[in-house]
Amino acid sequence: MWLQRSPGLAAVQAVVICICAFHATTAMDIPLEVLGHVNIEQLPTITAQSPSSLIAFPFDESFPMTCEAKGNPEPEFRWTKNGQEFDPSLDPRLMKEEHSGTFVIPNNGNLTEYQGTYRCFASNKLGTAISKEIEFIVPNVPKFPKETPAPVVVEEGQPFTLKCDPPNGIPPLQIYWMTINLQHIEQDERVSMGLNGDLYFSHAVEKDSRRDYCCFAHFPRIRTIVQKNAMSVIVKTSSHPSVMLSSNAILERRPSLLMPSGGKSEKQLVKGEDLKLECIAEGYPTPQVEWVKMDRQLPVKATLESHGKLLIVPRVEQKDSGKYMCKAKNPLGEAFHYFTVTIEEPPEWVFEPESQLSMIGSDVFIKCSASGSPRPTTTWRVNGVPLQESPAANRKAFDDTIVLHNAKPSDSAVYQCEASNRHGTLLSNANIMIMSEYDSFHLCFSPPSTISWSKDDSSESVEGPRFTVHDNGSLEVYNVEKGDMGQYTCLAKNTEGSSAIDAMLYVKDPTRIVVAPEDRQILIGTMAQLSCLAEYDKSFSNDFELLWEKDDMEITLNYTENSRYLVEDGTLHIVNVSHRDQGVYTCVAKTPVDHDTASALIMVLDVPDAPENLVLSEHKSKSVKLKWIPGDDHNKFIIDYEESKWEPGNWKELLRVPGNHNSAVLKLHGHVDYRFRVSAVNDVGKGPPSQPTERYKTPPAAPDKNPENIKIEGHLPHEMDINWEPLLPIEHNGPGLEYKVSYRRQDVEEDWKEHTVKRHSFVVRNTPTFVPYEIKIQAKNHQGWGPEPKIVTGYSGEDFPSAAPDDVAVEVMNGSVVKVSWTRVHKDKLHGHLGGYRVIPQKQTFAFRHSLKGIHGDKHALTFPGDRSHAMVPGLTPFSEYSLIVMTFNGRGNGPGSHPVNFKTPEGVPEKNPVFRVTDVQRHTVSLVWDPPMEPNGILTGYLLEYQLINDTEEVGPLQTIDISNPDTTKWILRDLEPVSKYKFYLRSCTTVGCGPVVSEECTTTLETSDCLILILDRFHQWLALPPSAFASDRLCRCKHSIKCPDEKAKASQSHRALFSAGLASIHGGISTQGWFIGLMCAIAVLTLIVLIACFVNRNKGGKYSVKEKEDLHPDVESQGMNDDTFCEYSDNDEKPLKGSQHSLSREIKAGDSGDSLVDYGDEDAQFNEDGSFIGEYAGRKEKRASTEIKATVQTSA
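Here goes a summary of the coordinates provided. As a convention, each chain's residues are numbered from 1 in the sequence order in which they are written. It should be noted that, the model being predicted, local features are given only for residues of pLDDT at least 70 and side-chain atom pairs only at 80 or more, the latter also being counted only at that level, while totals for whole chains, interfaces and linings use all residues. Computation of side-chain values covers all heavy atoms of the structure but excludes hydrogens and water.

As for the overall build of the chain
Note the cut-off: By the criteria applied, helices consist of DSSP H or I runs no shorter than four residues and strands consist of E runs no shorter than two, each listed in order from the N terminus. Relative accessible area decides the class of each residue, using a 1.4 Å probe on protein chains only: under 20% of the type maximum gives buried, over 50% gives exposed, and in between gives partly exposed. Note on areas: Shrake-Rupley with a 1.4 Å probe; residue coverage comes only from the protein chains shown.
From N to C terminus, the chain includes six helices and 90 strands. When burial is assessed residue by residue, the chain has 43% of its 1198 residues classed as buried. In the structure as shown, the chain presents an accessible area of about 63500 Å², 50% of it carried by carbon and sulfur atoms.

Below, the structure is given as structure tokens:
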């Protein structure tokens, strides 16, 4: 046998049937009398309850909430309301019945407090049964709002709608349209009522005019009829301002849909409901409506009502779902709407859980499954408590089955299964009784039969939650899998013998479309693609087909160059889409045993066609009537014009006309040679324009309008400038355009003064300062004057304000912000439009440190627009004296300043130090220098110096802090540092308020170096021998002055000198740290010194180097650059210490900066020979200072 899984079902079941004896454990409902006779307990069972919805109709006397149950012992009852405990006995107004869960709500007061969702619980010591949820509904009396609808005014021949908007109430709802005298409004093909209760008119006629259109809403279940206030309709038979209709004639037009809107819609119903689809169209002649079901014929049971506008399919089923189309047509065209109808279903039991009587130690299976659309959600409870809140070790829950393994008497309970979706809820109580064999013997007096099922000659029975043996011996398999395929054997045994039967089960994968085509809107001329992918059983690989249909006709694929259809990998390609490609496309996936289909709608979009046959008629001096024949599919029309004089060939938009018109009266200007064209517009875009009309020239006429956007300005105190936007050339209406400017003062009585000008500006001179004027400007040409102009108001020119603000006060908020207040300047002193106020704070500082000229100000103004009396002034400098003034300003400029107000800002934290650098680095010491902050923002109290050790991974050591309390200190020596280590230093300046921002520097301490000397040449051409420590900064020796080679012979020593410098710079490991290497460097230094001395002695003896000549040629040696004879140069550029990087011998060594004299490096008695030779020894303040520092044992300021 074959078993196929249907693609629409969530749970797939296979049933293998065998005629066998009854199962050993059956579902039983034992009468109470029997149980009482044998003294056997029974779980509670709900026997009666109220319906799921209980409506409190106003004409009923009471409303019983019914709940009855049986059980042994007798059940007790309790209620919940909206999920909360509810005790009816606590409310004296409720009537409670004895030995019952029922209570009655009397209709003698406010019932709304009882509105809610109730549930009854019946319990005894064995378990609890629960009722379905009961919703108690207290309906409100429906009422229309108390309003008077505005009259509906409509042109004859135009469509219109009367809205009903009925109030909410208990369904069903019935709508009637009647007159005040309760006469029904006649409905026909032209007039019809929609499903929403609105009254639609396809086109208006004169007899539709009346004042008593009334909408009545009838609610039969609550026996109520309500009426909406009467509505008035006025049908105008005269022509519209922009559309001219002949008398007693209605303009013909193609259909369009009033209801529903758009091109497609979706409709969802519940199985068993009535499907109602409506299409109400407007147009003239009155459109006829036709209905089509896209994939097959209309259902036989379908009927048409409301003159064919309403399609009704009663008691819908799944086969009634699909796509429907309505078509409204008249001789001028057609309109379409597509409906997608989906049928859903409320929950329906597939397997309702049954009560069972089972033996101790047996396995109990409780199954519950339901179907529906959408798929129902299943909820399990035990004794009214959610399953997860009442765990049991021997209980397991699967998708639709609960298994009690090795059941015990304590497992006896009432199990509830509730299946629900948005269309309803099912609830079933299953009483599970676990009894001993002794108890069951008194109930069953014949031994049960034994039934077993085996698979593929196996001796073991098939078991599991997916396998169920029914009372009639049938085996049901849920959620069939491929592994379930095979031969099944049913074996039944009793004391009389046994019997067996075989059945073969084949399982195939269903054919299912997994990627369905989707509805598309395609522009004409493009390519459309519809995708369709299906899954099917692989055994049908040679028999599977994927076909495409259009409007139920199979598409033939010939795969030629001219073919417009192509299928690749399940995707249908439609090349160069045209209007004939619009329709419903269906993908069909077929195998020999089943098939699946999916459909999609293609709508072809295109811009509308160009209107045709444009005709001008009813020619008048300033208007003409334009008629045309429209194309298809348009929403509106755009009329363009072109004139031959001002901008020939340039088309401009003139008018937009609704899509249901094909003529318009065009308002024109005089003295213009026109021609016109029309374009149609729809949702896709604007279509091509029509052919232009013949030319039509209007005669000259007086101007139709006057200038606009008049601006009155006053740039000078006694003048008023009047400017306006001139009329466009096409608005002149004739030759000789001029403007008459009229003006008069507004505040005094005087006659109008008039001037005629041709330009679009005029200046009135000798006016009072800032007084109001009335101005009007009128256009004029040779044909006459334009319409009476509007009067505008403006002011004459402004002057500077003549008064300053009084009572200026300053409130200091903090070190940089103050609040300034003042008394406003009177409007008579403003002499113009108030622009606002300006606040000018002026910082008081000394121009020069020793100047006697007093103080000067650093001014900056802050502008505050508008009429105000205070402002916040930010951006001030702390600990400063200020002088502040306030002034007002207008369009002319600033007024006088107020009396100065002096104030002081409080102390703040200093700015960061502008200079902070390392000046000398030794093995264990580092010298630091800095400059005080440019803006201390207070009185300096000292500095906060911090430093810490840094390694190569940027990890830092502990932060060491030194509090320097002397604000005059600008140097410091740090001692006891680690050699060859990298340090980072931080410095902040402090006041009593706090410390300012931090500045930082880094350097690396050195190894101990040799006591070699470095020769330098001073500005007097004298040689000095100095130790490297005099120039050390970071790890390089840097000289303060230049060293020159006196002749070519000394150049041979450059390599030695470079090696010497590099030796001083390299302080890290290797041979540079060995004693012999240091000695070698010293020997090289001495040798270099001897060579240099010999070089200079030789030069001086020859008279080639004269100090006087050198000074005459080069007055300042420091200002000279390097030349080719340079031996080693040390420049005066300040440079930060290098951060521990080791230089190669070939890298340029940058020199330090100094303005010190060479005297600083020797004592005051240093002498020089006349030839410039050095005769003194190195002994100066530098050496003395260094020796002093070495003797110190603690860190002190330098």
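Quick look at the state of the cysteines
Each disulfide is one covalent bond, formed between the sulfur atoms of two cysteines. What counts, and what does not: Counting rule for disulfides: a pair of cysteine sulfur atoms within 2.5 Å.
Here the structure, examined in full by the defined rule, presents six disulfides. The disulfide bridge from C67 ends at C120, spanning 1.9 Å between sulfur atoms. Here the S-S torsion is close to -75 degrees, and the disulfide linking C67 with C120 is therefore left-handed. Residue C67 is found in strand β6 (residues 67-72), and its partner C120 is found in strand β11 (residues 116-124); the two are separated by 53 residues along the sequence.

Considerations on a nonpolar patch on the surface
We count it as follows: The patch calculation keeps residues exceeding 30% relative accessible area without a salt bridge and links them within 9 Å when they carry like charges or within 5 Å when they are nonpolar (Val, Leu, Ile, Met, Phe, Trp, Tyr). A side-chain nitrogen of Lys or Arg and a carboxyl oxygen of Asp or Glu constitute a salt bridge if their distance falls within 4 Å.
Nonpolar side chains collect at one region of the surface, where M485, M504 and Y506 lie side by side and expose about 240 Å² of accessible area between them. Within the secondary structure, M504 sits in strand β44 (residues 497-508). Residue M504 is classed as partly exposed on the basis of its relative accessible area, which comes to 33%.

Concerning the side chain of E476
The following threshold applies: Neither His nor the chain termini are counted; the positive set is Lys and Arg, and the negative set is Asp and Glu. Two N or O atoms count as a polar contact when they lie within 3.5 Å, although within protein this holds only if one can serve as hydrogen donor and the other as acceptor, and sequence-adjacent residues are included solely when both atoms are side-chain atoms.
With respect to the element layout, E476 can be found in strand β42 (residues 475-478). No salt bridge is formed by the buried E476; the nearest opposite charge belongs to K367, separated by 6.2 Å. Polar side-chain contacts of E476 include one of 3.1 Å to the side chain of Y478.

Some points on the sheet that holds strand β18 (residues 199-201)
Here is the rule we go by: Being paired, for any two strands, means DSSP has found at least two bridges between them. Inter-axis angles, ranging from 0 to 180 degrees, are taken between N-to-C directions of lines fitted to C-alpha atoms, where helices are fitted over the stretch in contact.
Strands sit in the order β15-β18-β17 across an open sheet of three strands; the sheet is antiparallel. Since the sheet does not close on itself, it has two edges, and those belong to β15 (160-162) and β17 (191-193), each with one partner. Each neighbouring strand pair of the sheet contributes to a mean axis angle of 20 degrees, computed without reference to strand direction.

A short note on the sheet that holds strand β9 (residues 95-96)
One open sheet accounts for three strands, arranged β5-β10-β9; its pairing is antiparallel. Two strands close off the open sheet at either side, each with one partner strand: β5 (62-65) and β9. Inspection of the sheet shows β9 paired to strand β10 (residues 103-106) by two bridges, in the antiparallel sense. Within β10, the residue paired with K96 across the bridge is F103.

Some remarks on the nonpolar core
Cut-off, in case you're wondering: Within this scheme, the nonpolar core is defined by two criteria: the residues are buried Ala, Val, Leu, Ile, Met, Phe, Trp, Tyr or Cys, and they are joined through side-chain atoms within 4.5 Å. What makes two residues a contact is simply this: any of their non-hydrogen atoms within 4.5 Å.
Core analysis: the largest hydrophobic core is formed by 27 residues, its most contacted members being M65, W79, F103, I105, Y118 and F136. In terms of residue count, β11 provides more of this core than any other element does, three residues in total. Sequence-distant contacts of Y118, that is, excluding residues within four places in its chain, are made with M65, W79, T80, K81, F86, F103, K132, E133, I134 and F136.

Section: the packing of aromatic side chains
Put simply, the rule is: Working definition: rings of Phe, Tyr and Trp (its six-membered ring) pair if their centres are within 6.5 Å, and the pair is stacked with planes under 30 degrees apart, edge-to-face with planes over 60 apart, and tilted otherwise. Lysine and arginine charges are scored as sitting over a ring when NZ or CZ, respectively, is within 6 Å of the ring centre and within 35 degrees of the ring normal.
A full pass over the atoms with the stated rule returns 22 aromatic pairs. A ring pair is formed by Y536 and F544, whose centres lie 3.9 Å apart and whose planes are at 10 degrees; its orientation type is stacked. Taken together, the ring pairs in this structure connect W79, F86, F103 and Y118 into an aromatic cluster. The side chain of K367 reaches across the aromatic face of Y478, ending 2.8 Å from its centre. In this structure, R564 is placed above the aromatic ring of Y565, and the distance from its NZ or CZ to the ring centre is 5.8 Å.

Re the side chain of K550
Along the chain, K550 falls in strand β49 (residues 545-550). For K550, the side chain forms a polar contact with the main-chain oxygen of R580, separated by 3.4 Å. Excluding anything up to four places from it in sequence, K550 contacts I555, Y565, R580, D581, Q582, V584 and Y585.

With respect to the environment of D457
Summarising the element assignment, D457 is placed in the loop between β40 (450-455) and β41 (467-469). Taking the C-alpha atoms as reference points, D457 and Q487, 30 residues apart in sequence, are found 7.8 Å from one another.

Quick word on unusual backbone geometry
Of note, the amide linkage connecting N72 to P73 takes the cis form, showing an omega dihedral of 5 degrees. Counting through the fold element by element, P73 comes out in the loop between β6 and β7 (76-81). The linkage connecting P171 with the following residue, P172, adopts the cis geometry, with an omega of 5 degrees. Note on placement: P172 falls in the loop between β15 and β16 (174-178). Of note in this structure, N733 is not a glycine but carries a positive phi near 65 degrees. With respect to the element layout, N733 can be found in the loop between β63 (719-725) and β64 (738-745). N733 sits in the buried class, given a relative accessible area of 1%. Residue F770 is not a glycine yet carries a positive backbone phi of 50 degrees. Topologically, F770 is positioned in the loop between β66 (761-765) and β67 (772-781).

With respect to the environment of E731
On the secondary structure map, E731 appears in the loop between β63 and β64. In sequence terms E731 and K705 are 26 residues apart; their C-alpha atoms lie 7.8 Å from each other. Excluding anything up to four places from it in sequence, E731 contacts H669 and K705. Side-chain polar atoms of E731 contact the side chain of K705, separated by 3.5 Å.

What to know about the pairing of β10
Neither face of β10 is open: one carries F103 and I105, the other V104 and P106, and all of them are buried. Sheet analysis places β5 next to β10, joined by four bridges and oriented antiparallel. By the bridge assignment, M65 is partnered in β10 with F103. The hairpin formed by β9 and β10 contains six residues between the paired strands, and H99 there has a positive phi angle of roughly 50 degrees.

Let's talk about the pattern of salt bridges
Side chains bearing opposite charge may pair, as long as their charged atoms lie close to each other. In this structure the tally under the stated criterion is 46 salt bridges. R93 is paired through a salt bridge with E113; the nearest N and O atoms lie 2.9 Å apart. You can see R93 sitting in the loop between β8 (84-86) and β9 and its partner E113 sitting in the loop between β10 and β11, a full 20 residues away along the chain. The salt bridge partner of E344 is R422, with a shortest N-O separation of 2.6 Å. Note that E344 is positioned in strand β30 (residues 333-351) and R422 in the loop between β38 (413-421) and β39 (424-435), a separation of 78 residues in sequence. Accessibility expressed as a relative area gives 6% for E344, which makes it buried. Counted as one network, the salt bridges with shared partners bring together D91, R93 and E113.

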